[in-house]
Each structure stands twice: as C-alpha cells, then as structure tokens.
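Here are the chains, one letter per residue:
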Amino acid sequence: MTASEFTHDIALVTGATSGIGRATALALGKAGAKTVFTGIGGDIAKAMIDEITAAGGTAHFLNADLAGRDGWKDLLATAQGIYGTITVFVHAASPPRPESQTVLAVTEDEWDAMVNTNLRSGFFLARGLAQAMRTEKIAGRMIFVTSLHAEAPRNLPHYSASKAGQVMVVKELARALGPDGIRVNGVAPGAIPGGGFKADVTTLEKRITMGRTGTPEDLAAPIVSLLSNRHSAYVTGTVLAVDGGLALYNWIDRPDS
C-alpha cells in the first residue's frame, strides 16, 4: 500500500479511538485519506489527529452517540460537510460488552444500545452515504467490523445477534449497490485483546492455529486492503475472517472438553 493510495478519498470511521477502529483510522489517514473519525474525544482523539498530521495526512474528530435510535442522523449530516462526500466508510463502533450481559441478564436498555450501535446505525449510515455516492457517481467502499460470533453464540445475545445482522446487511448492501460500483464487505476478527474482549489468553492461545491472539493492526491491514481498488476491486459481499485460525476450532467448548 503506497502513501498516496487513498489521496482522493474521504473516509468515515466509527468507533475509532480504540482497538480496530483506531488502527484503521490511523492507517487510512497515513495512506492519504482525509479521515473523519468518531469515538472518545479528548487526549486520545487529539493524539490521533497529531499522528495522522505528522504523517502528512488530514483528520477530524466528531462526537457521535450511535446507541440511540437516531444518533446516526446527526453524524451523517455533519460528516458529509467537513471535507465533502464520504467515499470510504468503516463501521467499527460497538458498545462495551461485559460478560455479565448474558441471555438471562441482558436488559432492554443494553439490548437497544448494542443493536442500535452495531446494526441500526451501521445500516442507516451506510445507506445515507450510499445515496450521496450514487448521486455523485462515486465508486465508494464500505466495511463492517463484524465478529466470529455472528455464527457461533457467546452467551451475549444482543452482541451475537447484532453481529449476525451485520453480516446480512453487508450482503444486502453489496447486492443493491454493486451496480453503482459501490463495494461492501465485512471482516470478522478473532481474539483481539482490549475493548470488549475478555478471556484467559493463555488458554485461548492454545486453540489458535497461529499460536497467538491478534492485534488491531492485524485487522487494519486487511481492512485497508479490502477498501483498496488496487487490490480488491472485484471483491464485494464477503466477510473475511481475520482470526489466526481460531474459527478452525470450537472455542466455545470448555477448556477441558
């Protein structure tokens, strides 16, 4: 990937001040995209802007509450007015997911916040951005950061259900927008410590083919590659597992099974 790969792009990355979103926003900014990102503000956002600027890029932070029903509306309207029409969209936002939010314990508010952030906001942001792309005949690209738990339960029903929904949203958007030259894909991370991920890493690493957990940068690289028309111009409607081979095992089983 060259430094000028995304020079003519304007990117929007949600959930970008930690983990996979942060690594992706930094990678896009350093690759030349004018980058608008959301997440936690303050020193983290400022440091990211400074890092992208030092690499010759341009970035802008926006506060966004995607856990409500209509938080996506303000973000859509504001993001489009900063640098121009968004051409690249990465939806990495997802609420914290304490392991206590199990099938028998998850509350309606926790369910709504998770589904609104992951699924509702993701879909309506993508659709709104696509409408602008179509009007201006822009061959845009989109990525949803989904999960291996879209296909395997985790006893966090709101998380797994919303991620499963994202997979179908990827396919529906890809099918509908493909004739306009707009590509939509997903990535399904494996075990990436930090954020909402909690597990006995030592035990888990024994179940990962490559023998280690992943890093946010392990995800950012394939995300940027999927967004690149140089490398992935003929790829749409797919969800790429980036998991070090974790899904080759049933990691839901008890360690002694």
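Before any of the text, the structure's been laid out above.
Everything numeric here is computed off the predicted structure, so don't read it as measured data.

Tell me about the sheet that holds strand 3 (residues 58–62), residues and numbers included.
What the 7 strands build is an open sheet, ordered 3-2-1-4-5-6-7; its pairing is parallel. Bordering the open sheet on either side are strand 3 and strand 7 (239–242), each of which pairs with just one other strand. Averaged over all adjacent pairs, the angle separating strand axes in this sheet is 15 degrees, with direction ignored. Judged from the 4 bridges that link them, strand 4 (residues 88–91) and strand 5 (residues 141–145) form a sheet pairing that is parallel. Directly across from His91, in strand 5, lies its bridge partner Phe144. Sheet strands in contact with helix 5 (residues 157–177) are strand 4, strand 5, strand 6 (183–189) and strand 7, and its direction is about 165 degrees off that of strand 5.

Can you lay out the packing of aromatic side chains for me, pointing to particular residues and giving the numbers?
Taken as a whole, this structure holds 4 aromatic pairs when the rule is applied. When the ring of Trp72 is compared with that of Phe124, the centres are 5.1 Å apart and the planes differ by 20 degrees; the resulting orientation is stacked. Taken together, the residues span a long stretch of sequence, with Trp72 in helix 3 (residues 71–79) and Phe124 in helix 4 (residues 108–135) at a distance of 52 residues. Taking relative accessible area as the criterion, Trp72 reaches 12% and is therefore assigned buried.

Mind laying out the environment of Leu76, listing which residues take part and the relevant values?
Relative to the elements of secondary structure, Leu76 occurs in helix 3. Classification of Leu76 by relative accessible area gives buried; the value is 16%. In the structure, Leu76 is positioned 45 residues away from Ser121 in sequence and 9.9 Å away in space, judged by C-alpha atoms. Not counting the four nearest positions on each side in its chain, Leu76 is found in contact with Leu125, Gly128 and Leu129.

Any details on helix 7 (residues 216–227)? Residues and values, ideally.
Two residues of an α-helix separated by three or four positions point the same way, owing to the 3.6 residues in each turn. Over its 12 residues, helix 7 extends 17 Å from the first C-alpha to the last, a length consistent with the 16 Å expected when each residue adds 1.5 Å. Those residues of helix 7 that sit buried are Leu219, Ala220, Pro222, Ile223, Val224, Leu226 and Leu227.

Describe the pattern of salt bridges, listing the residues and the values that go with them.
Should their charged atoms come close, side chains of opposite charge can pair. Under the counting rule described, the total for this entry stands at 10 salt bridges. Notably, a salt bridge pairs Glu5 with Arg230, separated by 3.3 Å at the nearest N-O pair. Here the residue Glu5 occupies a position in the segment before strand 1 (10–14), and Arg230 occupies one in helix 8 (residues 229–232), the gap between them amounting to 225 residues. Judged by its relative accessible area of 15%, Glu5 falls in the buried class. On the accessibility criterion, Arg230 (53% relative accessible area) is exposed. Where Asp70 meets Arg120, a salt bridge forms, and the shortest distance between an N and an O atom there is 3.6 Å.

Now, about unusual backbone geometry: what can you tell me, with residues and values included?
Look at Lys137: it is not a glycine, yet its phi comes out positive at around 55 degrees. Here Lys137 shows up in the loop between helix 4 and strand 5. Lys137 sits in the exposed class, given a relative accessible area of 77%. Positive phi, close to 60 degrees, is recorded for Asn155, a residue that is not glycine. In this structure, Asn155 sits in the loop between strand 5 and helix 5. Classification of Asn155 by relative accessible area gives partly exposed; the value is 44%.

Which residues make up the nonpolar core, and what values go with them?
In this structure, Leu28, Phe37, Val90, Ile223 and Leu227 are the most contacted members of the largest nonpolar core, which totals 29 residues. The set of elements that each furnish at least two residues to this core consists of strand 1, helix 1 (19–30), helix 2 (43–54), strand 3, strand 4, strand 5 and helix 7. Here this core gets 5 residues from one element, more than from any other, and that element is helix 7. Here Val90 is in contact with Leu12, Val13, Thr14, Thr24, Leu28, Ile143, Val145, Ile223 and Leu227, once residues within four sequence places are set aside.

Definitions and limits used
- Residues numbered from 1 in each chain as written.
- Predicted model: local features only at pLDDT ≥ 70, side-chain atom pairs only at ≥ 80, totals over all residues.
- Heavy atoms only, no water.
- Pairing = 2+ DSSP bridges.
- Helix = DSSP H or I, 4+ residues; strand = E, 2+ residues; numbered from the N terminus.
- Axes fitted to C-alpha atoms, helices over the stretch in contact; angles between N-to-C directions.
- Contact = heavy atoms within 4.5 Å.
- Phe/Tyr/Trp six-rings, centres within 6.5 Å; stacked < 30°, edge-to-face > 60°.
- Buried < 20%, exposed > 50% of the residue type's maximum accessible area, 1.4 Å probe, protein only.
- Expected span 1.5 Å × (residues − 1).
- Salt bridge = Lys/Arg side-chain N within 4 Å of Asp/Glu carboxyl O.
- Core = buried A, V, L, I, M, F, W, Y, C linked by side-chain atoms within 4.5 Å.

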